[in-house]
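Structural characterization, general
Chain residues, written in single-letter form:
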Amino acid sequence: MLLCLEEAKHLEATEKAKLEEEIMAKEMEVQRFQDEVNAKDEETKRQQDDVEEARRKQAEAAAALLAASTTPQHHHVAEDENENEEELTNGDAGGDVSRDKGKNQQQKLLRKKPNKKFLN
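The following paragraphs examine the structure supplied in this document. (Residues numbered from 1 in each chain as written. Predicted model: local features only at pLDDT ≥ 70, side-chain atom pairs only at ≥ 80, totals over all residues. Heavy atoms only, no water.)

**Side note on the pattern of salt bridges**
Two side chains of opposite charge can pair, provided their charged atoms sit close to one another. This structure, assessed with the given rule, holds seven salt bridges. Its salt-bridge partner being E43, residue R46 comes within 2.7 Å of it at the nearest N-O pair. With a gap of three residues between them, R46 and E43 both fall in helix α1 (residues 2–69), about one helical turn apart. Assessed through its relative accessible area of 33%, E43 is described here as partly exposed. A salt bridge links R56 to E60, with the shortest nitrogen-to-oxygen separation between them at 2.4 Å. On the criterion of helical spacing, the pair formed by R56 and E60 is a turn pair, its members being four residues apart in helix α1. (Salt bridge = Lys/Arg side-chain N within 4 Å of Asp/Glu carboxyl O. Helix = DSSP H or I, 4+ residues; strand = E, 2+ residues; numbered from the N terminus. Buried < 20%, exposed > 50% of the residue type's maximum accessible area, 1.4 Å probe, protein only.)

**With respect to a nonpolar patch on the surface**
Taken together, the side chains of M1, L2 and L5 make up a nonpolar region of the molecular surface, amounting to roughly 420 Å² of accessible area. Position of L5 relative to the elements: it lies in helix α1. Relative accessible area serves as the criterion here: at 55%, L5 is assigned to the exposed category. (Patch = residues over 30% accessible without salt bridge, like charges linked within 9 Å, V, L, I, M, F, W, Y side chains within 5 Å. Areas by Shrake-Rupley, 256 points an atom, 1.4 Å probe, with all protein chains shown as cover.)

Here you go:
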């Protein structure tokens, strides 16, 4: 009977050592997973910072482009509503006569009815 108790005690100690070893392996695995999670969290934070920096640069570039493409208010030239109705001096009819003549000819040609013999 004493031998049976010693054998049971030995089996119990062996099983306990095996379980402790498995626990240690699981703890190491959990630690490895935790390290991976921490590394991925750091990478995610770095990428978010990069995205935030890129958005900031994009906003700055857009603002610079807008500033470059628009004229400041104090540089605007006020257009005169009566610009086309200005009085002309010394009999100047205003405008290029040959250009006006060309426009009139183009308008007449566009208004002409097509010649029927060319349509057939």
